[in-house]
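Structural overview for review
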Amino acid sequence: MSKKIFLVYGHYNDKSFNAAIRDTFIKTAEEKGNKVDTVDLYKEKFNPVFAGEEPGEDVLNHRQRIEECDTIVLIAPIWNFRMPAIVEGWIDKVLAPPWAFRFKQLWGNYGYPIGNLRQKKAIIFCTYGSPRLAITTFFLNLPIRRLKRGVFHMCGIYNIVYRRYFAVPFVSDAKRQEFLDDVKKTAINI
């Protein structure tokens, strides 16, 4: 059965490895009969600054497209233990309460989140400049933990595929091809 995918791309350079991930994923997913709706945050000049305003037309548009999809895909590098500010701002504005989740009060000011996107799946593709060992030992997998628990679990999304590609600027072309083969496999198994 074909799936509807909402893909959020967060890299400024169309010659980057992130662009190769995006292009490989879209091509493979579409060859399998899926429909991919892509948002390029830099090309759209998405304003990531949230200052308490009501959701704008762009945010409401992205939310509607998410409502119509089965799977949300994020593709971005990890800089300073997080995605680029434009992607983080997109998360702050689009995957925000009360649309993406709300809080159920337990007592006083304690409560827990109830996710409104429970039927969705998420796929996250991240690139790192650092080797795996540094990220998994010294930095305790901070980016993956925060994205899974602090973003998608809050929205009620527990079906999450997280693909990480390490030391991207330093690996061989053969290793990069291995990474892209993994992207293909992920797209096939959507």
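Residues numbered from 1 in each chain as written. Predicted model: local features only at pLDDT ≥ 70, side-chain atom pairs only at ≥ 80, totals over all residues. Heavy atoms only, no water.

**Some words on the pattern of salt bridges**
Going through the model one piece at a time under the given rule, you end up with eleven salt bridges. Measuring nitrogen to oxygen at the nearest pair gives 3.1 Å for the salt bridge that ties R22 to D14. With its nearest N and O atoms 3.7 Å apart, the salt bridge here joins D40 to R22. Of the two residues, D40 sits in strand β2 (residues 35–40) while R22 sits in helix α1 (residues 17–31), which places them 18 residues apart along the sequence. R22 matches D40 in its accessibility class, with the two residues each being buried. Each of D14, R22, D23, D40 and K43 takes part in a single network of salt bridges with overlapping partners. (Salt bridge = Lys/Arg side-chain N within 4 Å of Asp/Glu carboxyl O. Helix = DSSP H or I, 4+ residues; strand = E, 2+ residues; numbered from the N terminus. Buried < 20%, exposed > 50% of the residue type's maximum accessible area, 1.4 Å probe, protein only.)

**Describing the packing of helix α2 (residues 57–67) against helix α3 (residues 85–94)**
Two numbers describe how α2 lies on α3: the axes approach to 10 Å, and their chain directions differ by 80°. Judged by the inter-axis angle, α2 sits roughly perpendicular to α3. Here α2 contributes V59, H62, R63 and I66 to the contact with α3, which in turn contributes W90, K93 and V94. Taken together, the residues of the contact of α2 with α3 sort by class into four nonpolar, one polar and two charged. (Axes fitted to C-alpha atoms, helices over the stretch in contact; angles between N-to-C directions. Parallel < 35°, antiparallel > 145°, perpendicular 65-115°, else oblique. Contact = heavy atoms within 4.5 Å. Nonpolar A, V, L, I, M, F, W, Y, C, P; charged D, E, K, R; others polar.)

**Describing the packing of aromatic side chains**
Evaluated as defined, the whole model comprises ten aromatic pairs. Aromatic pair F6 and W90: ring centres 6.4 Å apart, planes at 25°, arrangement stacked. Separated by 84 residues along the polypeptide, F6 in strand β1 (residues 4–9) and W90 in helix α3 bring together distant segments of the chain. Here F6 and W90 have matching classes, each one buried. Seen in terms of ring centroids, F125 and Y165 are 6.5 Å apart; in terms of plane orientation they differ by 15°. Their pairing is stacked. Of this pair, F125 sits in strand β6 (residues 121–127) while Y165 sits in strand β7 (residues 159–165), and the two are 40 residues apart along the sequence. Each member of the pair F125 and Y165 is classed as buried. An aromatic cluster is defined as three or more aromatic residues linked by ring pairs; in this entry it consists of F17, F25, F125, Y165 and F179. (Phe/Tyr/Trp six-rings, centres within 6.5 Å; stacked < 30°, edge-to-face > 60°.)

**What to know about the sheet that holds β1**
If you trace the five strands from one edge of the open sheet to the other, you get β2-β1-β3-β6-β7, paired in parallel fashion. Only two strands of the sheet have a single partner each, and these edge strands are β2 and β7. Neighbouring strand axes in the sheet, compared pairwise and without regard to direction, differ in orientation by 15° on average. Pairing of β1 with strand β3 (residues 71–77) involves five bridges; the strand directions are parallel. Paired with F6 across the two strands is I72, which belongs to β3. Contacting β1, β2 and β3, α2 crosses the sheet at an angle of about 160° to β2. Against the sheet, helix α6 (residues 173–188) touches β6 and β7, its axis set at about 165° to β7. (Pairing = 2+ DSSP bridges.)

The values reported here are purely geometric and, on their own, carry no functional implication.
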